[in-house]
Amino acid sequence: MNAKLGAWLEEEMKEFSDVLQTFKKKQKNKAPIWMAGCLIGMVALGFVAGYEPAYIMRVHFPIGCGIALLAGLCFWLPAKISNIKAVRKAYEKAIQSFFQTQEEQELFVRQMESGNYGKVNFYNVSETYPSRFIAGPEYWMYFNGVCSFVRTADILSIRRQNETTRVSYNAGGGRRGKNVAIGVSLVITYKENSDSAKRNKNTEESLFFQKGEQFQEALELIKRQCPQCQSWTGSAMG
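Note that the structure is a prediction, hence the values are computed from the model and not measured. (Residues numbered from 1 in each chain as written. Predicted model: local features only at pLDDT ≥ 70, side-chain atom pairs only at ≥ 80, totals over all residues. Heavy atoms only, no water.)

## Quick notes on the sheet that holds strand β4 (residues 147-151)
Part 1: Strand order in this open sheet of 4 strands is β1-β2-β3-β4, and the pairing throughout is antiparallel. Across the chains shown, the open sheet's two edge strands, defined by having one partner strand only, are β1 (118-122) and β4. When the angles between neighbouring strand axes are averaged without regard to direction, this sheet yields 10°.
Part 2: Pairing analysis gives 4 bridges linking strand β2 (residues 131-135) to strand β3 (residues 139-143), with the strands arranged antiparallel. Bridged to A135 within β3 is W140.
Part 3: Sheet contacts for helix α3 (residues 84-98): β2, β3 and β4; angle to β4, the most-contacted strand, approximately 35°.
Part 4: Here helix α4 (residues 102-114) sits on the sheet in contact with β2, β3 and β4, set at roughly 85° to β3. (Pairing = 2+ DSSP bridges. Helix = DSSP H or I, 4+ residues; strand = E, 2+ residues; numbered from the N terminus. Axes fitted to C-alpha atoms, helices over the stretch in contact; angles between N-to-C directions. Contact = heavy atoms within 4.5 Å.)

## Describing the environment of C226
Part 1: By secondary structure assignment, the location of C226 is in the loop between α6 (212-225) and α7 (229-233).
Part 2: In the structure, C226 is positioned 109 residues away from Y117 in sequence and 8.9 Å away in space, judged by C-alpha atoms.
Part 3: Among all residues touching C226, those that are not within four sequence positions of it are G136, P137, W140 and W232.

## Re α3
Part 1: The end-to-end C-alpha distance of α3 is 21 Å, a good match for the 21 Å that 15 residues give at a rise of 1.5 Å each.
Part 2: Those residues of α3 that sit buried are V87, A90, Y91, A94, I95 and F98. One side of α3 holds all its buried residues, which, seen down the axis, span an arc of 130°. Turned more than 90 degrees away from the buried face of α3, the exposed residues are K85, K89, K93 and Q96. (Expected span 1.5 Å × (residues − 1). Buried < 20%, exposed > 50% of the residue type's maximum accessible area, 1.4 Å probe, protein only. Arc of directions from axis to C-beta.)

## Some words on unusual backbone geometry
Part 1: Phi angles above zero are rare outside glycine, and N193 is one such case at about 70°.
Part 2: Within the secondary structure, N193 sits in the loop between β6 (174-190) and α5 (195-200).
Part 3: When its relative accessible area of 63% is taken as the criterion, N193 is described as exposed.

## Structural notes on the state of the cysteines
Part 1: In the structure shown here, the tally under the stated rule is 0 disulfides.
Part 2: For the unlinked cysteine C226, the closest cysteine sulfur is that of C229, found at 6.6 Å. (Disulfide = S-S within 2.5 Å.)

Spelled out as structure tokens, the structure:
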């Protein structure tokens, strides 16, 4: 990468370090709440089931403690292993893969130096890292554990796609299943033969958001920063 892009990366890492610290604090603050909820819930289940207090303290309470410790570990481990060095490595890998020419690097840097962009951070405490979305008229950047860049000149259209997973469960003596929502994707369709379509070996790329509200926030940012947004969405997303 050229010197100016390297300087942008340095500033971005300084800012992301603050974002990461805020994220870790949120994880640590959530841990006691979930641990208490698990313990109280397990003890309450014993009373609802009609067990004697002695049995609840002998069986349900230890189980609740075990579940609470597991819940605490789920928050503690991501906060412990996440670090800015891994974030930087993901950025550097994406930069090396995405920007093939000096001209592309310079155009991205000009956008960032001009301040003609917006950004938003998402703190999903169940994840290892916070997510970060940057949108400008020429380029977008999205980090959610991995880093992706988008060249807006290559975009044909964008759309919303609700993501679900199939969950199976026992009911009525049989096995049943239902679809459960897990998030929302911003699906980007690239123009045929564009650099982005060739790089991805596909005309579509998806940016995944854990919550519909996060997708909507990213979309509103795109609308504010990209005058061409209406031509991408038509009437589908306003």
